[in-house]
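Analysis of the macromolecular model
So you can see what is in the structure, the chains are spelled out below.
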Amino acid sequence: MATTEMTAPGIARPTLYDRFVRPAIPESEVFEKPRTLVWGFIGLHIVYFLGLLPNIIAGTVEGDLPLYRRWAVAAETFGQWPGIQFEWVYPIGAILPISISNVAGPQFYQLLWFVLIAALNAASIVVLSDRGRSRRGILASWWWLGILTLLSPVALLRLEGITAPLVIIALVLIARRPIIASALLALATWIKVWPAAIFLAILGAFPRRRIAIATGAAFSVGVAAIVWALGGLQYLLGFAQMQTSRGLQLEAPVTTPWLWLAIFDRPGSHIINNTAIATREVVGPYDHLAVALMTPALALAVVGVLALVVWAKHRGAETQKLLLVASLALATTLVVFNKVGSPQYMLWLAPIIAVGITQGWRAWRTPALLMVAISVLTTFVFPILYMPLIAGDPGVALLLTGRNALVVVLLGWAVRELIYLGARAAGAEPRFERRARLREERSAGIAV
């Protein structure tokens, strides 16, 4: 006898998602437990370790590490220290992680680099989550681990993997430990220049800016004194000159029009290999004008954003929110208006957003979701589809164009938030409250 499945009125029939997918997903409370976060961190880094294990066993290295190891061996074996004996593309502080990873010899370079990255990531999670005591911090830590996974080809194998966790720690500590935080930011800046954007944000938004700037200045004077004592003072700022003399790098947002000219095979437009610095660049009509204009355009954009920060501060904007939004706006400006663009530059942005999430997911949901999309597209472009991109594949170029467009959108969000923070401080109705009021008014209108 046939039977029919009866459901009570108003009760929806279970879907495939309800039957099979939902039961397999842990309850959200599980991810709020510090122990779960610890095991998540350990599990993720075990996966990283297993992925690098063939290189560790063979004594080989991946990513940018072959170049780093070559510099370390030349320095420690032959006394050819980059930034001291000759001009270098990085600030002199980059020699610290590069050399530390070689203390056990070139055979163990990959292993020690991984240990160094894992230790810094662990420290950033401990500080970000307030040792597991902050619910918002635990959420931010999970998000940060997710971004590290999406950007793992660069997060594990380039210098940004060193500076990003240092910036997270510094931004969390800046309000209550400004000297320690500023020293960490100065160290990160002398490894890769981009944390200077955080110092600019501090200059415009932080009440105890004098302590921060004095600490950074003292640290920099110490670095300069060491380099001078070693006889390399003339190369101390050589990295800045080397960056300004570069052409339009393949993945930079400003390069996008020339990239499409090269893909459509327009006369004089090509993707080239700059063997001197091991990078891909694009040449085409009037590219020399873009190369000449981007440095002053970047400077003007930074000044403009900094002026917004100072305006919002004078309007009475809340310090912590303003500092984080200002840091994101300035760091994103360095990406959008830069003629040099690499996948690891996305790690200039993610640490700031991770700390922002500790202030509340609702306020930072838009940049957090944008950053997830940006990270996915970045890794698809490099390293997964990089060779087709070099060959001029229009599909990959479209992915890169989308990624660059999202970075511009992220900059737009940060600039808008700066304006909003200043306007709110001056008495404007908060955005979320305005939306709630409008929804209530619409509902009341429908009810009538």
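What you see is a predicted model; the values in this text were computed from it and never measured.

Considerations on the nonpolar core
Trp 143 and Trp 144 are the most contacted members of the largest nonpolar core, which has 126 residues in total. With twelve residues, the top contributor of residues to this core is helix H15 (residues 319–336). Ignoring sequence-local partners within four residues, the contact set of Trp 144 consists of Ser 124, Ile 125, Leu 128, Ala 164, Ile 168, Leu 347, Ala 350, Pro 351 and Ala 354.

Overview of the packing of aromatic side chains
Here a ring pair, both rings aromatic, is described through the centre-centre distance and the interplanar angle of the planes. On inspection of all chains with the given rule, the structure shows twelve aromatic pairs. Ring centres of Trp 71 and Trp 88 lie 5.2 Å apart, and the angle between their planes is 90 degrees; this geometry places the pair in the edge-to-face category. Highlighted residues: Trp 71 in helix H3 (residues 65–78) and Trp 88 in the loop between H3 and helix H4 (95–100), separated in sequence by 17 residues. By relative accessible area, Trp 71 is classed as buried at 15%. Seen in terms of ring centroids, Trp 88 and Tyr 90 are 5.6 Å apart; in terms of plane orientation they differ by 80 degrees. Their pairing is edge-to-face.

With respect to a nonpolar patch on the surface
Residues Val 38, Trp 39, Ile 42, Ile 46 and Leu 50 make up a contiguous nonpolar surface patch of about 500 Å² in total accessible area. Along the chain, Ile 42 falls in helix H2 (residues 34–58). When its relative accessible area of 33% is taken as the criterion, Ile 42 is described as partly exposed.

So, the pattern of salt bridges
Applying the stated rule across the entire model yields six salt bridges. A salt bridge links Arg 158 to Asp 64; the shortest N-O distance between them is 3.5 Å. One end of the pair, Arg 158, is in the loop between helix H7 (152–155) and helix H8 (160–173); the other, Asp 64, is in the loop between H2 and H3, and 94 residues separate them in sequence. For Glu 417, the salt bridge goes to Arg 416, with nearest N and O atoms at 3.3 Å. Assessed through its relative accessible area of 5%, Glu 417 is described here as buried.

Rules of the game
- Residues numbered from 1 in each chain as written.
- Predicted model: local features only at pLDDT ≥ 70, side-chain atom pairs only at ≥ 80, totals over all residues.
- Heavy atoms only, no water.
- Core = buried A, V, L, I, M, F, W, Y, C linked by side-chain atoms within 4.5 Å.
- Buried < 20%, exposed > 50% of the residue type's maximum accessible area, 1.4 Å probe, protein only.
- Helix = DSSP H or I, 4+ residues; strand = E, 2+ residues; numbered from the N terminus.
- Contact = heavy atoms within 4.5 Å.
- Phe/Tyr/Trp six-rings, centres within 6.5 Å; stacked < 30°, edge-to-face > 60°.
- Patch = residues over 30% accessible without salt bridge, like charges linked within 9 Å, V, L, I, M, F, W, Y side chains within 5 Å.
- Areas by Shrake-Rupley, 256 points an atom, 1.4 Å probe, with all protein chains shown as cover.
- Salt bridge = Lys/Arg side-chain N within 4 Å of Asp/Glu carboxyl O.

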